[in-house]
Amino acid sequence: MKDILTLGIESSCDETSVAVVKNGRIILSNIIDTQIPIHEKYGGVVPEIASRNHIEAISRVTKKALEEAKVTFEDIDVITPTYGPGLVGALLVGLSYGKALSYALNKPLVGVNHIEGHIAANYITYNELKPPFICLLVSGGNTQLVYVKDYTEFEILGKTRDDAIGEAFDKVARVVGLGYPGGPKVDKLAKEGQANIELPKTHFENLDFSFSGIKTAVINLHHKNPDVNKADLCLSFEKTVTEILVENTIKAIKQTGIKTLVLGGGVSANSYIRNEFLKLEKEGIKVYTPDIKLCTDNAAMIASAGYYNYINGKTNNLELNAIPNLKI
Ligand code: KG4
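Note that the structure is a prediction, hence the values are computed from the model and not measured.

About the criteria used
- Each chain carries its own residue numbering, running from 1 in the direction its sequence is written.
- Local features in this predicted model are restricted to residues of pLDDT 70 or higher, and side-chain atom pairs are both shown and tallied only at a pLDDT of 80 or more, whereas totals for entire chains, interfaces and linings draw on every residue.
- Each side-chain value is derived from all of the structure's non-hydrogen atoms; neither hydrogens nor water enter the calculation.
- Only heavy atoms are used to decide nearness, and a residue is near a molecule or strand if one of them lies within 4 Å of it.
- A 3.5 Å cut-off defines polar contacts: any pair of N or O atoms within that distance qualifies, except that in protein one atom must be a possible hydrogen donor and the other a possible acceptor, and neighbouring residues in sequence count only when both atoms are side-chain atoms.
- Calculation of accessible area relied on Shrake-Rupley with a 1.4 Å probe; when residues are assessed, cover is drawn exclusively from the protein chains displayed.
- Strands here mean DSSP runs of E at least two residues long; helices mean DSSP runs of H or I at least four residues long; both are numbered from the N terminus.
- Marked domain ranges trace back to an automatic or database domain assignment.
- DSSP calls a pair of strands paired once it identifies at least 2 bridges connecting them.
- Whenever a helix is involved, its axis is fitted only over the stretch in contact; in every case the axis is a line through C-alpha atoms, and angles between N-to-C directions fall within 0 to 180 degrees.
- The criterion used for residue contact is that any of the two residues' heavy atoms lie within 4.5 Å.
- Between 65 and 115 degrees an angle is taken as roughly perpendicular, under 35 as roughly parallel, over 145 as roughly antiparallel, and anywhere else as oblique.
- When residues are grouped by polarity, Ala, Val, Leu, Ile, Met, Phe, Trp, Tyr, Cys and Pro land in nonpolar, Asp, Glu, Lys and Arg in charged, and all others, Gly among them, in polar.

### Side note on the site of the ligand
- Close to the ligand lie 19 residues; H114, G140, D170, D187 and G266 are nearest.
- In the environment of the ligand, an oxygen atom lies 3.3 Å from a nitrogen or oxygen atom belonging to the side chain of S139.
- A distance of 2.9 Å separates an oxygen atom of the ligand from a polar backbone atom of G140.
- Look at the ligand: alone it shows 560 Å² of surface, and the protein chains cover 88% of it.
- The set of elements that each furnish at least two residues to the shell around the ligand consists of helix 4 (114–125), helix 5 (165–175) and helix 6 (182–190).
- Split by domain, the shell around the ligand shows at least three residues from each of two domains, domain 1 (5–118 + 296–311) and domain 2 (131–294).

### Observations concerning the sheet that holds strand 10 (residues 286–288)
- Read from one edge to the other, the open sheet built from five strands follows the order 8-7-6-9-10, with strand pairing classed as mixed. A strand with exactly one partner marks an edge of an open sheet, and here the two such strands are strand 8 (153–159) and strand 10. Within this sheet the neighbouring strands show an average axis-to-axis angle of 25°, counted without direction.
- With six bridges connecting them, strand 7 (residues 143–150) and strand 8 associate as antiparallel partners.

### Re the sheet that holds strand 3 (residues 26–34)
- One open sheet holds the five strands; their spatial order is 3-2-1-4-5, and the pairing between them is mixed. In this open sheet, the two strands that pair with only one neighbour each are strand 3 and strand 5 (112–113).
- Pairing of strand 1 (residues 5–10) with strand 4 (residues 78–84), which is carried by four bridges, proceeds in the parallel orientation. Note that in strand 4 the partner of T6 across the bridge is V78.
- Docked against the sheet, helix 10 (residues 299–311) engages strand 1, strand 2 (15–22), strand 3, strand 4 and strand 5, running at close to 130° with respect to strand 1.

### Things to note about the packing of helix 5 against helix 8 (residues 230–256)
- With their axes 12 Å apart at the nearest point, helix 5 and helix 8 run at an angle of 170° to one another. Our classification of the angle between helix 5 and helix 8 gives roughly antiparallel. Taking contact as the criterion, the partners of I165, A168, F169 and V172 in helix 5 are, on helix 8, F237, E238, V241 and L245.
- Of the residues in the contact of helix 5 with helix 8, the class split is seven nonpolar, no polar and one charged.

As structure tokens, then:
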């Protein structure tokens, strides 16, 4: 069978990324132009600034992705931009660029759901991985337990009712003065701490999550006692949210009988969370954690998800629009 090259384009938040991926699994290039230094001074992503920087970067990043993959536009089979969820102005840059390429080159267009991209990051990391499996998706915008029945067939088993877990990490980091983006900084500082602070956990009958209570508890604790040890607070926060994630994931595994678990999303880069989930292997659960470089936003995971949409006949026309609150 002929190889299929997908050109992934990602601009949903603060990373402009373009990648060339072969047959959904092999990265030929994955260029990531991050805007973190630009947004750092504002303590978070400023949407208008993100859009403008995507416009400035997109052609340059695409050129680099083709060069590194040693291919030309002619070699690309399918154009696969992210079309949601994300910041609408940011999404529109990558999507419009992808639509223009599709039209000018007369190549098929496949819009990719960013969340499906986070799941697909694991197909690149693990060549043998195939659905069905349970995916715990933990990112800056989402926290969900997804039953991945097939490459393009998903069922949401549980989701956050308020904040995404990444938002909670970022908020905790801001409160204790670690800056943006908070997740990696909390991860690092927690390594020096003790898990000696009791924090609240919210439970539901079903597999939903809630992180606003614990986030508020950390804020209140720090405001009442600014001398509280920051490293202890970070580790206690990580331990409590991980317990919540593990409890619901085990319930999902019992409910479905599926014993393959995949992590995905930016927060799956967290070393404490990865270690705790890997311990489930002792209970007969096969656990996959994506390559650290593919946890946060990148176009290779988008190109991989786009490949599976394409081979399953899911193409789009040029009327495709950005959907900021797109769900799976
Ligand atoms: O998946 P992602 O790049 O964006 C979305 O698609 O939403 O996730 C970004 C989130 C941020 O909240 C960031 O703080 C968090 O992932 N993050 C981490 C770590 N690395 C990134 N959170 C905890 N520990 C980390 N090591």
